[in-house]
Amino acid sequence: MNKNTSRKIWEHPWGYAEGFIVAAGVLLSGILLQFAAGNIETALFASPVNTIVGALFVAGLLAVHFLSGKSRVVRWLSSVYATIPALVILLILAMILGILPQFAAGTEKGQLPPHPFTSLGWYQMTTSWPFVLLCFYNLSILGLTTLRRTTRKQTWREIGFYLNHLGLFIALLGGILGSADMERLTMTIREGQVEWRGNLKTGEIKELPLAIQLDTFMIEEYEPKLVIIENETGKMLPASRPESYMFEGIGKTTQLAGVTLEITDYLPHAAIFRDSTFMNVVPMMMEGATTAIKVKADKPGLAQPVEGWVSNGSYLFPHIFLQIDEETSVAMPVQEVKKYSSHVTAFTESGITKEAVIEVNKPLQVEDWMIYQYSYDDTKGKYSDTSVFELVRDPWLKVVYTGIFMLLAGALFLFIAGPKKKAS
Amino acid sequence: MTWDSFIYFAVSAVVLWGSGAALAYGSKRKLWPALLTTLGLIVFSIFIAGLWMSLERPPLRTMGETRLWYSFFLPVAGLLTYLRWNYKWILSFTTVLSTVFIIVNIVKPDIHNKVLMPALQSPWFAPHVIIYMFSYAILGAATLVAIYYLVREKKIKNKAHLMEMTDSLVYAGIACITLGMLIGAIWAKIAWGHYWSWDPKETWAAATWMGYLLYIHYRLKKSSSDKTSMILLIIAFILLQVCWYGVNYLPSAQQSIHTYSS
Ligand code: HEM
């Protein structure tokens, strides 16, 4: 791999071979630390430890850069010969991370698979020593490369280089260190109630410096769909590629899995009454009402079309199917949610009141907390009067965003400038 | 416009792209190949626009819908490469690959309906997926070049020119991958509360990105081997395939929130 083949290993100038040995050394140290200490406990690095670690790391890189003089090792460390092996090993760890199922950081040892991979930290890769050390090794190369680049004659191409490399350095370092300070809790609130306590993933309850009042909670659903199912298994037909028909209005007809369906009536809010012999479907404008569609179904081989109501039920009423023949029926799956939104009033300790609507993709920011629409009471479906929020605080977000926006600009630069012309 | 009319638009587009690609071999002038390819793209985009309107949401949700964009962007990448780098064969390569994806979509059609889950209802959704599909197409073109190189290594006359073209494709491709990934991160912060969660799909996106970073850094050294560079490109493209749909079949996938639904 190295053009200078007469060179012995460790003889300067170093190349890829030394790069792989050093990167493998970092990996090995990580594995030994993993055996000795187990996974890294993120909480130990919470503020101010992470700030100190970050400052020391950056100071260390600056010191190495300014004090190393003409050191060939440091020069090598900020070259492609160190970069490629470092990236290759990190890539291999990333692939393992992408293949194996991962377990949350707090998982008890006993609940992890009894497998040698567990002691290597592979089931909790992102907090394992090898992975984190490899990240920092890459960060060191990235930092030293950026610093060394400043000593060279500066051209317009340097802009792209700094945006990409410094941007990545800032985003990565901020992301790794900031993860220790990130707080995420869920908060479950019923309509009309106020809540200021959140639940941590571990089940602990934590009081927050802000309170949320849920004024109203609303769910909007898509139009109901009809499907043909196999009576015996309940599977949707055709088995290879299930078809469905979304309601478009009374009077429409459609073909579904070989059955002709005609929509003859529709009740968006219906009540269903039935006993062993008799079923009645009537309009009902009340909570708990279900959706019902009346269909006429026909199919080759049927003496005459069958007609009747189909409904997906609710917590008050049962599902109803329309049986076409021995094998098949018409059914209505549960409607998909189009949108759910919470009208809330948020209060802070400093006396600020904020009224807002929170939806998925539309979080609310209150001081340094972001409040997300997370879930609702799915046992009651669209009649849920309970909304679940996720509250997130990430004090390092500004750092990471600085890096991300530099990288965005760097990517645009790369797109426009393209590769450097090689002197031929 | 519904999915049923896809076959008519697809066949017309493929015929136009194919004739453009064939004409590219015969003539020095680029006018006709470019014109025919563009016409094919217009036909194809009319279908995408029609499908978008009838679904009342961007057609980017299902696997088949992303394949649709991929078959659109491949000839775009081919055309740009042809105009800029003068390689006659690139248009036929991208046409063939695009046709493969069109055939997959015809033989194995998806279920298309209007449903779009709330997390996907975001102004970031369309740019995120479209930029990614565009970068996949450019990097697909680069992979075709790599295969061409590895198969015909001994017969290629001007290797430097070919490598220069490959570098340009990869730079444009990785720029778009980076944009797609960062847009995804910003969106994830807004939709899920965190910009990066090491979800399997995200992890493989990072792995793919590292694969192409390896290529561009390796190429910086004048002493680097062309063959190794091309092999790196093929490895990176395999990582990309895992990221696109391969993740769905991995043990880690049970936890993913980003698998395409259909
Ligand atoms: C956002 C991701 C990255 C991009 C887009 C990127 C892109 C580039 C480009 C385009 C160059 C050539 C610059 C020029 O000569 O104009 C370069 C050089 C270099 N990069 Fe990266 N890079 C990235 C990440 C990294 C990482 C993670 C490392 C190290 C771990 C690294 C190490 C290097 C080194 C050592 C050079 C050679 C610098 C020199 O010779 O002055 N890069 N990079």
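Residues numbered from 1 in each chain as written. Chains lettered and ligands numbered in written order. Predicted model: local features only at pLDDT ≥ 70, side-chain atom pairs only at ≥ 80, totals over all residues. Heavy atoms only, no water.

1. Examining the overall build of chain B
- The secondary structure content of chain B amounts to 8 helices and 0 strands.
- Each helix (α) and strand (β) of chain B, taken in turn from the N terminus, gives the series α-α-α-α-α-α-α-α.
- Here chain B has a C-alpha radius of gyration of 19 Å; the compact-globule value for 262 residues is 18 Å, and the two agree.
- A burial count over chain B gives 62% of its 262 residues as buried.
- The contacts in chain B between residues at least 6 apart in sequence include a share of 80% that link residues at least 24 apart.
- Split by element, the accessible area of chain B, about 10,300 Å² in all, is 69% carbon and sulfur. (Helix = DSSP H or I, 4+ residues; strand = E, 2+ residues; numbered from the N terminus. Rg over C-alpha atoms; globule rule 2.2 N^0.38 Å. Buried < 20%, exposed > 50% of the residue type's maximum accessible area, 1.4 Å probe, protein only. Contact = heavy atoms within 4.5 Å. Areas by Shrake-Rupley, 256 points an atom, 1.4 Å probe, with all protein chains shown as cover.)

2. Some thoughts on the side chain of S341 of chain A
Residue and element names in this part refer to chain A.
- Looking at the element boundaries, S341 is found in strand 13 (residues 337-348).
- Here S341 falls in the buried class, since its relative accessible area comes to 6%.
- Beyond its immediate sequence surroundings of up to four residues, S341 is in contact with T216, F217, M218, V357, I358, E359 and Q373.

3. Some thoughts on helix 4 (residues 80-99) of chain A
Residues and elements named next belong to chain A.
- Here helix 4 contains 20 residues, and its C-alpha end-to-end distance of 28 Å stays within 8% of the 28 Å for a straight helix at 1.5 Å per residue.
- Within helix 4, 16 of the 20 residues are buried, which leaves it mostly tucked inside the rest of the structure.
- Sitting at the amino-terminal end of helix 4 is S79, which places a side-chain oxygen 3.1 Å from the backbone nitrogen of Y81. (Expected span 1.5 Å × (residues − 1). Polar contact = N/O pair within 3.5 Å; in protein donor to acceptor, adjacent residues only side chain to side chain.)

4. Focus: the coordination of the iron atom of the ligand
- Protein coordination at the iron atom of the ligand: the donors are H165 of chain A (NE2) and H217 of chain B (NE2), at 1.9 Å from the metal.
- Coordination at the iron atom of the ligand comes from 6 donor atoms whose angles at the metal span 87 to 179°, giving a geometry best classed as octahedral. Of this pair, H165 of chain A sits in helix 7 (residues 157-178) while H217 of chain B sits in helix 7 (residues 200-218), on two different chains.
- H165 of chain A sits in the buried class, given a relative accessible area of 17%. (Donors = N, O, S within 2.8 Å, 3.2 Å for Na, K, Ca; no water. Tetrahedral: all angles 85-135°; square planar, octahedral: opposite > 155°, others 65-115°.)

5. Observations concerning helix 4 (residues 90-107) of chain B
- A rise of 1.5 Å per residue sets the reference length of helix 4 of chain B, with its 18 residues, at 26 Å; its end C-alpha atoms lie 26 Å apart and thus fit the reference within 8%.
- Listed as buried for helix 4 of chain B are I90, L91, S92, T94, T95, L97, S98, T99, F101, I102 and N105 of chain B.

6. Quick notes on the interface of chain B and chain A
- Across the boundary between the two partners, chain B contributes 56 residues, which contact 57 residues of chain A.
- For the pair chain B and chain A, the summed buried area comes to about 5,000 Å², and 71% of that belongs to carbon and sulfur atoms.
- Per-residue buried area on chain B facing chain A is highest for K189, Y195 and L214 of chain B; these three make up 12% of the total on that side.
- Across the contact surface, chain B and chain A share 0 salt bridges.
- The tally of links from chain B across to chain A stands at 12 residue pairs in polar contact (both at pLDDT 80 or more). (Buried area = accessible area lost by both parts, 1.4 Å probe. Salt bridge = Lys/Arg side-chain N within 4 Å of Asp/Glu carboxyl O.)

7. Describing the pairing of strand 16 (residues 369-376) of chain A
Residue and element names in this part refer to chain A.
- The buried fraction of strand 16 amounts to 6 of the 8 residues, a majority that puts the element mostly inside the structure.
- The sheet contact formed by strand 15 (residues 364-366) and strand 16 spans 3 bridges and is antiparallel. Paired with Q365 across the strands is M370, a residue of strand 16.
- If you look at the hairpin formed by strand 15 and strand 16, you'll find 2 residues sitting between the two strands, and E367 has a positive phi there, around 50°. (Pairing = 2+ DSSP bridges.)

8. Here's the deal with the packing of aromatic side chains
- With the rule as written, the count across this model stands at 43 aromatic pairs over all chains.
- Centroid distance W17 of chain B to F44 of chain B: 5.5 Å. Interplanar angle 40°. Geometry classified as tilted. Placement of the pair is W17 of chain B in helix 1 (residues 6-26) and F44 of chain B in helix 2 (residues 31-55), with a sequence separation of 27 residues. You'll find W17 of chain B and F44 of chain B in the same group, each marked buried.
- Linked through ring pairs, W3, F6, F9, W17, F44, F47, W52, W69, F72, F73 and F134 of chain B together constitute an aromatic cluster.
- Lying over the aromatic face of Y315 of chain A, K380 of chain A brings its terminal NZ or CZ to 5.4 Å of the ring centre.
- Sitting over the ring of W85 of chain B, R84 of chain B keeps its end group 4.0 Å from the ring centre. (Phe/Tyr/Trp six-rings, centres within 6.5 Å; stacked < 30°, edge-to-face > 60°. Lys NZ or Arg CZ within 6 Å of the ring centre and 35° of its normal.)

9. Quick word on the site of the ligand
- Taken together, 24 residues sit near the ligand, with R149, R152, R157 and H165 of chain A together with H217 of chain B positioned nearest.
- Each of chains A and B places residues near the ligand.
- Residue H165 of chain A places a side-chain N or O atom 2.7 Å away from a nitrogen atom belonging to the ligand.
- For the shell around the ligand, the class distribution of residues is 12 nonpolar, 8 polar and 4 charged. (Near = heavy atom within 4 Å. Nonpolar A, V, L, I, M, F, W, Y, C, P; charged D, E, K, R; others polar.)

10. Points about the nonpolar core
- Judged by nonpolar contacts, the single largest core of 151 residues is most densely connected at Y137 of chain A together with F44, Y70, L162 and Y212 of chain B.
- Once residues lying within four places of it in the same chain are set aside, the contact partners of L162 of chain B are Y87, W89, V145, Y149, I156 and M230 of chain B. (Core = buried A, V, L, I, M, F, W, Y, C linked by side-chain atoms within 4.5 Å.)

11. Quick look at the sheet that holds strand 12 (residues 328-331) of chain A
Residues and elements named next belong to chain A.
- Spatially, 4 strands are ordered 5-4-12-11 in an open sheet, and the strand pairing comes out antiparallel. Taken across any chain shown, the strands that pair with only one partner, and hence form the sheet edges, are strand 5 (245-246) and strand 11 (322-323).
- Of the pairings in the sheet, the one linking strand 4 (residues 225-230) to strand 5 comprises 2 bridges and is antiparallel in character. The residue of strand 5 that forms the bridge with L226 is Y245.

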